[in-house]
Amino acid sequence: MSEVDLYAHYGGWALVTGAARGIGRAFAKELAASGFKLLLVDKLAEENEAFSEQLAAEHGVETKAVTLDLLRQDLPTLAERWSRDHDIGVLINNAGISPMGHFLEIPLETHLQTLELNCRATLTLSHVIGNAMLRRGRGAILIVSSESSLTGAPYFAHYAASKGYGLNLSYGLYEELRHEGIDVLGVCPGLTRTAPIRELGLDETRPRVVPMHEPERVASGALKALGKQPVVIPTPVDRLCATIMSKLLPRKWTLSLMAHSMKRMAPRLRRD
């Protein structure tokens, strides 16, 4: 399915979490250009509201900015309200936390928040809004995972583990729901130029052999794959890297190479 007929196929509203920046923002732009109304969920109020107004002005579509921390315990109730008040045709589960560091030195509270956002929020929205899609007979659910979910990742150990949840959820739901008119896609981007990557300083310090992509390439590649397969690695370079690291090399070598690269990009991780 080409991206130009997304609205004709799914229709209605698109709900995007983590919409104000990075990959979520890129998805929202693509979907607005396709004609979707946008429900933009993010805890960054000013950025999200400005982005909502920008999309409405540029594409002539209705947009709503929802200021919300998805860690809220009443998320199921809110999701029920969104699905009742909006004909949601596309759900983009994008919001996430990606703490970097030695696993035992990262506070437990941070790990628990990562679990809540990367797993619980994805489960809640996919279940509640998925049921609404089931009643309408069509829809699409995208879950932004990570290339690191394919192998595990030293110094991003819990992040990669939490993204493995989204990856496997995507695989199972793809087969379950495609017979009900609902397309499910797991998205596994590699290193992408987003705010967390800039804040961690990984963009400036990465070795040249480590590819870095713009969020727009990730979103565009994912939407082109929607309805065709259960999981996509959106860029050709990342697909090649994933094949080498997850299928061709022994896992021990892969993890050692990843740890070496991380220490080069983030010297504070070194013990020596």
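Asker: Kindly report on the overall build of the chain, identifying the contributing residues and their values.
Answerer: Helices and strands together make up the secondary structure of the chain, namely 11 helices and 7 strands. Taking 2.2 N^0.38 as the reference for a compact globule, 272 residues should give roughly 19 Å; the C-alpha atoms of the chain span a radius of gyration of 18 Å, in line with that estimate. Along the first, second and third principal axes, the C-alpha set of the chain runs to 55 × 35 × 35 Å. Buried positions account for 52% of the 272 residues belonging to the chain. Within the chain, counting contacts between residues at least 6 apart in sequence, those at least 24 apart form 71% of the total. Only carbon and sulfur atoms are counted for the fraction: they give 54% of the accessible area of the chain, which is about 12,600 Å².

Asker: Give a detailed account of the pattern of salt bridges, specifying residues and quantitative values.
Answerer: Across all of its chains, the model carries 7 salt bridges by this definition. Note that Asp85 is salt-bridged to Arg84, the shortest N-O span being 3.9 Å. Residue Arg178 pairs with Glu175 through a salt bridge whose shortest N-O separation is 2.9 Å.

Asker: Which residues make up the packing of helix H4 (residues 75–85) against helix H5 (residues 108–136), and what values do they have?
Answerer: In the contact formed by H4 and H5, the axes pass within 9 Å of each other and the chain directions differ by 30°. The two elements H4 and H5 meet at a crossing, and its hand is right-handed. Contacts from Leu75, Pro76, Ala79, Glu80, Trp82 and Ser83 in H4 reach Arg120, Ala121, Thr124, Leu125, Val128, Ile129 and Ala132 in H5. Residues that form the contact of H4 with H5 fall into these classes: 9 nonpolar, 2 polar and 2 charged.

Asker: Any details on the pairing of strand E2 (residues 37–42)? Residues and values, ideally.
Answerer: Within E2, 5 of the 6 residues are buried, leaving the element largely enclosed by the surrounding structure. Summarising the sheet, strand E1 (residues 13–17) and E2 pair through 5 bridges and their orientation is parallel. Within E2, the position partnered with Ala14 by the bridge is Leu38. Taken together, E1, helix H2 (residues 22–33) and E2 form a β-α-β motif whose crossover is right-handed. For the segment spanning E2, helix H3 (residues 45–59) and strand E3 (residues 63–67), crossover handedness is right-handed.

Asker: Summarise the packing of H2 against helix H9 (residues 215–225); cite the residues concerned and give the values.
Answerer: The contact between H2 and H9 brings their axes to 8 Å, and the two run at 55°. Here H2 is positioned oblique relative to H9, judged by the angle of their axes. As H2 runs across H9, the sense of the crossing is right-handed. From H2, Gly22, Ile23, Ala26, Phe27, Lys29, Glu30 and Leu31 reach across to H9, where they touch Pro215, Glu216, Val218, Ala219, Ser220, Ala222 and Leu223. Looking at side-chain class alone, the contact of H2 with H9 contains 9 nonpolar, 2 polar and 3 charged residues.

Asker: Give a detailed account of the sheet that holds strand E5 (residues 139–144), specifying residues and quantitative values.
Answerer: As summarised here, the arrangement of the 7 strands in space is E3-E2-E1-E4-E5-E6-E7, forming an open sheet in which the pairing is parallel. Taken across any chain shown, the strands that pair with only one partner, and hence form the sheet edges, are E3 and strand E7 (231–232).

Asker: So what's going on with the nonpolar core? Which residues, and what values?
Answerer: Soluble globular proteins tend to bury their nonpolar side chains together. Core analysis: the largest hydrophobic core is formed by 31 residues, its most contacted members being Phe27, Leu31, Leu38, Val90 and Leu142. Residue contacts for Leu142: discarding those within four places in its chain leaves Phe27, Val90, Leu91, Ile92, Asn93, Leu185, Val187, Ala222, Leu223 and Leu226. One finds Leu68, Leu78, Ile88 and Val128 within the second-largest nonpolar core, a separate group that totals 28 residues.

Asker: Please provide a residue-by-residue account of the packing of aromatic side chains, values included.
Answerer: Overall, the coordinates contain 2 aromatic pairs when judged by the stated rule. Residues Tyr7 and Phe36 carry aromatic rings whose centres are separated by 5.2 Å and whose planes lie at 80° to one another, so their mutual orientation is edge-to-face. Highlighted residues: Tyr7 in helix H1 (residues 6–10) and Phe36 in the loop between H2 and E2, separated in sequence by 29 residues. We classify Tyr7 as partly exposed; its relative accessible area is 33%. Exposure remark for Phe36: the relative accessible area of 0% places this residue in the buried category. Stacked on the ring of Phe51, the Lys or Arg Arg25 has its end atom at 4.0 Å from the ring centre.

Thresholds, definitions, all that
- Residues numbered from 1 in each chain as written.
- Predicted model: local features only at pLDDT ≥ 70, side-chain atom pairs only at ≥ 80, totals over all residues.
- Heavy atoms only, no water.
- Helix = DSSP H or I, 4+ residues; strand = E, 2+ residues; numbered from the N terminus.
- Rg over C-alpha atoms; globule rule 2.2 N^0.38 Å.
- Buried < 20%, exposed > 50% of the residue type's maximum accessible area, 1.4 Å probe, protein only.
- Contact = heavy atoms within 4.5 Å.
- Areas by Shrake-Rupley, 256 points an atom, 1.4 Å probe, with all protein chains shown as cover.
- Salt bridge = Lys/Arg side-chain N within 4 Å of Asp/Glu carboxyl O.
- Axes fitted to C-alpha atoms, helices over the stretch in contact; angles between N-to-C directions.
- Left-handed = near helix turned anticlockwise from the far one by under 90°.
- Nonpolar A, V, L, I, M, F, W, Y, C, P; charged D, E, K, R; others polar.
- Pairing = 2+ DSSP bridges.
- Right-handed = clockwise from strand over helix to strand, strands pointing away.
- Parallel < 35°, antiparallel > 145°, perpendicular 65-115°, else oblique.
- Core = buried A, V, L, I, M, F, W, Y, C linked by side-chain atoms within 4.5 Å.
- Phe/Tyr/Trp six-rings, centres within 6.5 Å; stacked < 30°, edge-to-face > 60°.
- Lys NZ or Arg CZ within 6 Å of the ring centre and 35° of its normal.

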